[in-house]
Amino acid sequence: MRSPRPARHRGPRRFAALLLCAAATLFPTAVPAGAAAPPPVPGPLQPYDIGSVYSAGVSSGGYMATQLHVAYSGTFDGSASFASGPYDCARGALPTALNACMDTTQSLQLGALEQATRDRSAQGLVDPVENLADDPVYVFSGSNDSTVKRPVADALADYYGRFGARVRYDRSTAAGHAWITPLGPNSCTVTQSPYLNDCGTDAEGALLGHLFGSVAAPGSGTAGSLIRFDQDAYAPGGSAAALSMGKDGFAYVPASCAGGARCKLLVALHGCKQGYAYQGFGTRFVEGAYLNEYADTNAMIVLYPQAAPTATLENPNGCWNWWGYLGDTAYARHGGKQIEAVMGMVRALRGDATPPPAPGRTVLASTDSEDGYVKAAADGSGAAVGTLEDVYGLALGRGTDGKVNRSVVSFDTSRIPAGKEVTRAWLTVTRAGGAGDPWASPAGNRLVADVRTGCFGGCAVEPSDWSAAASVAGGAEIASFTSGSAVSTDLSAAALAALNRGGVTQLRLGFASTPAGSAYLFVNRDAPVTLTVEYR
């Protein structure tokens, strides 16, 4: 048996330098103010007669607008995005966000993103993708945007097209990285605070006209009420700050909507360094986005949720969560903490009856000192504990030494609340490297997870774990993926029953067939494997 090793460092510090670079690039420096608006009035979000809901955003807010639309396409009827890319482009990895979803030094693998969306839909992790067909989508990219480069926005338009959405793609201007508005104090081509650029066009009229089908000319933007509300009331766990969201959010409500008229709802999401709580930025996005003006004349409420900076290196510039910071592996789907906070605001404005309680959920991180991998010949002989986990991660498949690798991860499943019926569970793993394609060697090879009530041997990994009997063989499966994170299929009913409610449950990951030659991957070098458990 191997003695437990000291826990290695996990989490954001490994990427601190990258994050600071991303933040500086996403939105640098600071400057002036926005347009006239009514002074904010403190109060709660009230219910209105809302017939349709849309999302819109810029940069990180554009990514969040798309996440909301895809995750809850049964609620959102369309979306608009300035300067961002396709749904879950980052796949939970900051380097991918930087190199594939802003720059183009890494392929963003659009086909894989499409398939991942379809898989999540099939698993119920996002609403049915069929809802996206015929939804209006507006995409904007400026030729001077060197922050989120043109091919990334091209991929967003292409992504939506694959699901049958009606895409209007505006790439006609030399805009920098910004929200485009006639009220912008910046010239069209620059990228600088407050990231509100005037390009001599009316992008809001264009996007709203596409989303709504037609749009009336704008008004003054001052005839309604600007409500400042407490976002803690909608944050899972009751603390917006814990989600990197601000205490204050805003909603512009035209007089007609307050008077009982049927209205539309637009969720408008600022970019990094544009939030109310970011270094005194205040309401410049709320005032300068040129949406309140259209709200007055088009029976439209505008909800302005607010992200906020963290005091740590996780999110110092108040970006929306589009790469999985603060450990939120569900950030782009049902259960994502910021997504659920915004959905709570939407439901409050719609006056939806209190929805049935969402299933309880616990996300368990694997126990580092009990994780590891074992390698052996294909018949299980010569088994030995692998030694490269700290360098490369947990090994799977057939290595260059000809040995077959299986990985064991350990979870304290006694943390599942007592007296609850477990209804679903799934694994999330993150790729750290590899070579070849073990899913294709032989063709149709499967990466499966065996489940053991308790431990395969001793709870720290030992050679005998390679072939030790499982309580349930093949309790879940992980489809082929080449980068980022992957979510397994739901654990089978037998595997759910095998979860040890009184202590440890171990899962052993391995390929069902031995690859014919060297073909392997490493997972979870920098973060634990997670087991998400839902119960009622």
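The structure we're discussing is the one just above.
Okay, so let's go over this structure. A quick note: this is a predicted structure, and the numbers were derived from the prediction, not measured. Going along each chain's sequence as written, the residues are numbered from 1 onward. Local features in this predicted model are restricted to residues whose pLDDT is 70 or higher, and side-chain atom pairs enter the listing and the counts only when it is 80 or higher, whereas totals over whole chains, interfaces and linings include all residues. As a convention, hydrogens and water are excluded, and side-chain values are obtained from all of the structure's heavy atoms.

**Concerning the sheet that holds strand 6 (residues 179-180)**
A sheet is described by the order of its strands in space; here three strands give the open sequence 6-8-7, paired in parallel fashion. For this open sheet the edge positions go to strand 6 and strand 7 (186-187), each flanked by a neighbour on one side alone. Pairing between strands is defined by DSSP: at least two bridges between the two strands are required. Per the convention used, a helix needs a DSSP run of H or I reaching at least four residues, while a strand needs a run of E reaching at least two, with both numbered from the N terminus. Sheet topology note: the strand 7/strand 8 (residues 196-198) ladder contains two bridges and is parallel. Across the sheet, residue S187 finds its bridge partner in strand 8, namely D198.

**Some details on the state of the cysteines**
Put plainly, two cysteines are in a disulfide when a covalent bond ties their sulfur atoms together. Note that a disulfide, as used here, is simply two cysteine sulfur atoms within 2.5 Å. Tallying each qualifying case throughout the model produces five disulfides. Residue pairing for C89: its cysteine sulfur links by disulfide to C101, the two sulfurs lying 2.1 Å apart. Torsion about the S-S bond of the C89 and C101 cystine: about -100°, corresponding to left-handed handedness. Of this pair, C89 sits in the loop between strand 3 (76-82) and helix 3 (94-99) while C101 is found in the loop between helix 3 and helix 4 (110-123), placing the two residues twelve residues apart along the sequence. Accessible area is worked out with a 1.4 Å probe on protein chains only. A residue is then buried under 20% of its type maximum, exposed over 50%, and partly exposed in between. Judged by its relative accessible area of 0%, C101 falls in the buried class.

**Things to note about the packing of aromatic side chains**
Whether two aromatic rings pair depends on their centres lying within 6.5 Å, for rings of Phe, Tyr and Trp, where Trp uses its six-membered ring; planes under 30 degrees apart make the pair stacked, over 60 edge-to-face, and the rest tilted. Summed over the entire model, instances satisfying the criterion amount to 19 aromatic pairs. Where F82 meets W179, the ring centres are 4.5 Å apart and the plane angle is 45°; that geometry is what we call tilted. Of this pair, F82 sits in strand 3 while W179 sits in strand 6, and the two are 97 residues apart along the sequence. Residue F82 shares its accessibility class with W179, and that shared class is buried. An aromatic cluster is present here, built from F82, Y138, F140, W179, F285 and Y304 joined pairwise through their rings. Seen from the ring of F281, R284 lies directly overhead, with NZ or CZ sitting 4.3 Å from the centre. We call a charge positioned above a ring when the Lys NZ or Arg CZ atom is no farther than 6 Å from the ring centre and deviates by at most 35 degrees from the ring normal.

**Some remarks on helix 10 (residues 337-350)**
Any helix carries an expected span of 1.5 Å times its number of residues minus one. Taking 1.5 Å of rise per residue, the 14 residues of helix 10 would be expected to cover 20 Å, and the 20 Å separating its terminal C-alpha atoms lies within 8% of that figure. Counting buried positions over the 14 residues of helix 10 gives eleven, a clear majority of the element. Among all positions of helix 10, only Q338, I339, E340, A341, V342, M343, G344, M345, V346, A348 and L349 are buried. Against strand 2 (50-58), helix 2 (60-71), strand 3, strand 9 (225-230), strand 11 (263-269) and strand 12 (300-304) lie the buried residues of helix 10. What makes two residues a contact is simply this: any of their non-hydrogen atoms within 4.5 Å.

**Let's talk about the packing of helix 2 against helix 10**
Lines fitted to C-alpha atoms define the axes here, with helix axes fitted over just the stretch in contact, and angles between the N-to-C directions of these axes take values from 0 to 180 degrees. Here helix 2 crosses helix 10 at 75°, and the two axes come no closer than 11 Å. It follows that helix 2 is roughly perpendicular to helix 10 by the angle criterion. Across the interface between the two elements, M64, Q67, L68 and A71 from helix 2 touch Q338, I339 and V342 from helix 10. In this classification, Asp, Glu, Lys and Arg are treated as charged, Ala, Val, Leu, Ile, Met, Phe, Trp, Tyr, Cys and Pro as nonpolar, and every other residue, Gly included, as polar. Among the residues forming the contact of helix 2 with helix 10, the class breakdown is five nonpolar, two polar and no charged. Roughly parallel covers angles under 35 degrees, roughly antiparallel covers those over 145, roughly perpendicular covers 65 to 115, and oblique covers all other angles.

**Quick notes on unusual backbone geometry**
Here the bond from S193 into P194 is cis, since omega is 5°, no more than 30 degrees from zero. With respect to the helices and strands, P194 occurs in the loop between strand 7 and strand 8. Here the bond from S441 into P442 is cis, since omega is 0°, no more than 30 degrees from zero. A positive phi angle, close to 60°, is found at Y195, a residue other than glycine. You can see Y195 is positioned in the loop between strand 7 and strand 8. Of note in this structure, A299 is not a glycine but carries a positive phi near 50°.

**Section: the environment of P151**
As for its placement among the helices and strands, P151 is situated in helix 5 (residues 150-162). Note: C-alpha distance between P151 and C101 (50 residues apart in sequence) is 9.2 Å.

**A few points about the pairing of strand 16 (residues 394-398)**
Consecutive side chains of a regular strand alternate in pointing toward one face of the sheet and then the other. Strand 16 sits mainly inside the fold: four of its five residues count as buried. As judged from the five bridges shared by strand 16 and strand 23 (residues 519-523), these two strands associate in the antiparallel manner. Its bridge partner being in strand 23, A395 is matched across the sheet by F522. Alignment of strand 16 against strand 17 (residues 404-412), held across two bridges, turns out to be antiparallel. The partner of R398 across the bridge, within strand 17, is V404. Here strand 16 hands over to strand 17 after five residues, with G402 in that stretch at a positive phi of 85°.

**Considering the sheet that holds strand 1 (residues 41-42)**
Read across the sheet, nine strands follow the order 1-9-10-12-11-2-3-4-5 without closing on themselves; strand pairing throughout is mixed. Lying at the two open borders of the sheet, with one neighbouring strand each, are strand 1 and strand 5 (166-170). Sheet strands touched by helix 2: strand 2, strand 3, strand 4 (136-140) and strand 11. Its angle to strand 3, the strand with the most contacts, is close to 160°.

**Let's talk about the pairing of strand 4**
Burial within strand 4 is extensive, with five of its five residues counted as buried. Residues P136, Y138 and F140 line one face of strand 4 and the alternating positions V137 and V139 line the opposite face, and both faces are buried. Bridge count between strand 3 and strand 4: four bridges; the pairing is parallel. Paired with A80 across the bridge in strand 4 is Y138. By the bridge criterion, five bridges tie strand 4 to strand 5 in an arrangement that is parallel. Bridge assignment links P136 to a residue of strand 5, and that residue is R166.

**Remarks on the side chain of S55**
Along the chain, the position of S55 falls in strand 2. A distance of 2.8 Å separates the side chain of S55 from the side chain of S79, its partner in a polar contact. Under this definition, polar contacts are N or O atom pairs within 3.5 Å; protein pairs additionally need one hydrogen-donor-capable and one acceptor-capable atom, and for neighbouring residues in sequence, both atoms have to be side-chain atoms.

**Considerations on the environment of A268**
Counting through the fold element by element, A268 comes out in strand 11. Overall, the relative accessible area of 0% leaves A268 in the buried class. A268 sits 17 residues away from F285 along the chain, and the two C-alpha atoms are 9.5 Å apart. Excluding residues that lie within four positions of it along the chain, A268 makes contacts with A56, F285, L291, V302, L303, Y304 and P305.

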